[in-house]
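The lines below spell out each chain.
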2 protein chains.
Amino acid sequence: MKPSDEIVSEKKAQMRRGLLEFCILLAISDGRAYSSDILKKLKDADLLVVEGTLYPLLSRLRAQELVAYDWEESKSGPPRKYYELTRHGRETLLNLQKTWKELHRSIITLEDAK
Amino acid sequence: MKPSDEIVSEKKAQMRRGLLEFCILLAISDGRAYSSDILKKLKDADLLVVEGTLYPLLSRLRAQELVAYDWEESKSGPPRKYYELTRHGRETLLNLQKTWKELHRSIITLEDAK
DNA sequence: CATAGTACCTTGTACAACAAGGTACCTGGT
DNA sequence: ACCAGGTACCTTGTTGTACAAGGTACTATG
């Protein structure tokens, strides 16, 4: 039997996880961003994400052609991959924002049913 | 390369999935409910869930002592397991509702950052 | 030229949803 | 007495995903 705090935080993490891709698309939608920019934005929004999660996720979004990147040299370190949304990515993001609103309504419906 | 509609609906499903446990706790919080009640409530809130997902999930919530059930005979068919929230389950639900609000804020923060 | 800092990536693990298939109970018709 | 249909519960196998941990490589600085 796991301690109850752990159970709660697992469920919180689970809720957060489902929104990850959506949030990352949102974070990129502002314009060009590389991994540290994205991590920082998510952290500023209180959504903790680690590198090991972000990189495969960006690769996936890339494979689905929702984002594209180009290399840019940095003044302090190795070159960076700057990501931006493709046209297709922008359309998808609009779609997901709609989905988000629908989910919000669903929760309210369930809460009101009480 | 998968068709773009499929990509979008996978992402929608992913968002929905993270909220499943939360929604099921919400659906039960109204009082006693058995599987068909729960499925109906979720469907009414436009959240499609199938049996094969619900049963293991209820077992998990039971193992975590967030819900409890008792058997009740039905007038038309086999007996049913009626679920209700335990005290611990009600506390957890309050916690998750708070988490939900925090996530909502996070999304807004990301949207506003544009 | 070694160290520290930054950036990218991969591998292995654990867990969850879902599809599909299975068991068992009750009722009503023949 | 039996079987067909509806209802309810459950299990197994597959697939996908986040995450921890560890690894490579480039740049600047002392």
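Below: a short report on this structure. (Residues numbered from 1 in each chain as written. Chains lettered and ligands numbered in written order. Predicted model: local features only at pLDDT ≥ 70, side-chain atom pairs only at ≥ 80, totals over all residues. Heavy atoms only, no water.)

**Considerations on unusual backbone geometry**
Positive phi is not limited to glycine here, since A:Asp46 has a value of about 65°. With a phi angle near 60°, A:Glu65 is a residue other than glycine that sits in the positive phi range.

**As for the interface of chain B and chain A**
What counts here: Contacts are assigned to residue pairs that have any heavy atoms within 4.5 Å of one another. Put simply, buried area is the surface a 1.4 Å probe can reach on two separate parts but cannot reach once they are joined, added for both. Salt-bridge detection follows one rule: a side-chain nitrogen of Lys or Arg within 4 Å of a carboxyl oxygen of Asp or Glu. Each helix corresponds to a stretch of at least 4 residues labelled H or I by DSSP, and each strand to a stretch of at least 2 residues labelled E; elements are numbered beginning at the N terminus.
Taken residue by residue, the interface counts 47 residues in chain B and 47 residues in chain A. With both sides pooled, the region where chain B packs onto chain A buries about 4,400 Å², and carbon together with sulfur makes up 70% of that total. Looking at the side of chain B facing chain A, the largest losses of area belong to B:Lys11, B:Met15 and B:Leu110, adding up to 17% of the total buried there. Remark: the boundary between chain B and chain A carries two salt bridges. For the side of chain B that touches chain A, the secondary-structure elements that each account for two or more residues are α1 (4-28), α2 (35-44), α3 (51-63) and α4 (87-112) of chain B.

**A word on the packing of helix α3 (residues 35-44) of chain A against helix α4 (residues 51-63) of chain A**
Residues and elements named next belong to chain A. Stated formally: Here, axes are lines fitted to C-alpha atoms. For helices the fit covers the stretch in contact, and angles between N-to-C directions go from 0 to 180 degrees. Angular relationships are summarised with four words: roughly parallel below 35 degrees, roughly antiparallel beyond 145, roughly perpendicular across 65 to 115, and oblique for the angles in between. It is the rotation of the near helix from the far one that decides the hand of a crossing: anticlockwise by less than a right angle makes it left-handed, clockwise makes it right-handed. Each residue gets one of three labels, nonpolar for Ala, Val, Leu, Ile, Met, Phe, Trp, Tyr, Cys and Pro, charged for Asp, Glu, Lys and Arg, and polar for the others, Gly among them.
It is the contact of α3 with α4, at a shortest axis distance of 11 Å, that shows an interaxial angle of 120°. Comparing the axis directions of α3 and α4 gives the class oblique. Note on packing geometry: the crossing formed by α3 with α4 is right-handed. When α3 is examined against α4, the residues Ser-35, Ile-38 and Leu-39 are found in contact with a partner set consisting of Glu-51, Leu-54, Tyr-55 and Leu-58. Partitioned by chemical class, the residues of the contact of α3 with α4 number five nonpolar, one polar and one charged.

**Observations regarding the relation of the copies chain B and chain A**
Let me state the cut-off plainly: The copies were overlaid by least squares, fitting only the C-alpha atoms of residues that reach a pLDDT of 70 or more in each copy.
With an RMSD of 0.0 Å, the operation that places chain B on chain A is a rotation of 180° combined with a shift of 0.0 Å along the axis. The superposition of one copy onto the other is thereby described by a two-fold rotation axis. Taking C-alpha positions as reference, the residue of chain B nearest the rotation axis is B:Gly18, located at 2.3 Å. Mapped onto chain A, 100% of the interface residues of chain B are again interface residues, and the two copies thus contact each other with one and the same surface.

**A word on the protein's contact with DNA strand C**
To be explicit about the condition: Working definition: residue near molecule or strand if any one of its non-hydrogen atoms lies within 4 Å of it. Polar contact is defined as a pair of N or O atoms within 3.5 Å, subject to the rule that within protein one atom must be able to donate a hydrogen and the other to accept it, and that residues adjacent in sequence are counted only when both atoms are side-chain atoms.
Residues in contact with DNA strand C amount to 23 residues; listed here are only the nearest, A:Tyr34, A:Ser35, A:Tyr55, A:Arg80 and A:Lys81. Per the 4 Å cut-off to the protein, sugar and phosphate atoms form 78% of the nearby atoms of DNA strand C. In the model, a phosphate oxygen of DNA strand C is placed 2.7 Å from a nitrogen or oxygen of the A:Arg80 side chain. Between DNA strand C and A:Lys81, the relevant distance is 2.2 Å, taken from a phosphate oxygen to a side-chain nitrogen or oxygen of the residue. Listed by contribution, the elements that provide at least two residues to the surface near DNA strand C are α3, α4 and β2 (80-85) of chain A together with α1 and α3 of chain B. For the surface near DNA strand C, the element with the most residues is α3(B), which contributes four residues.

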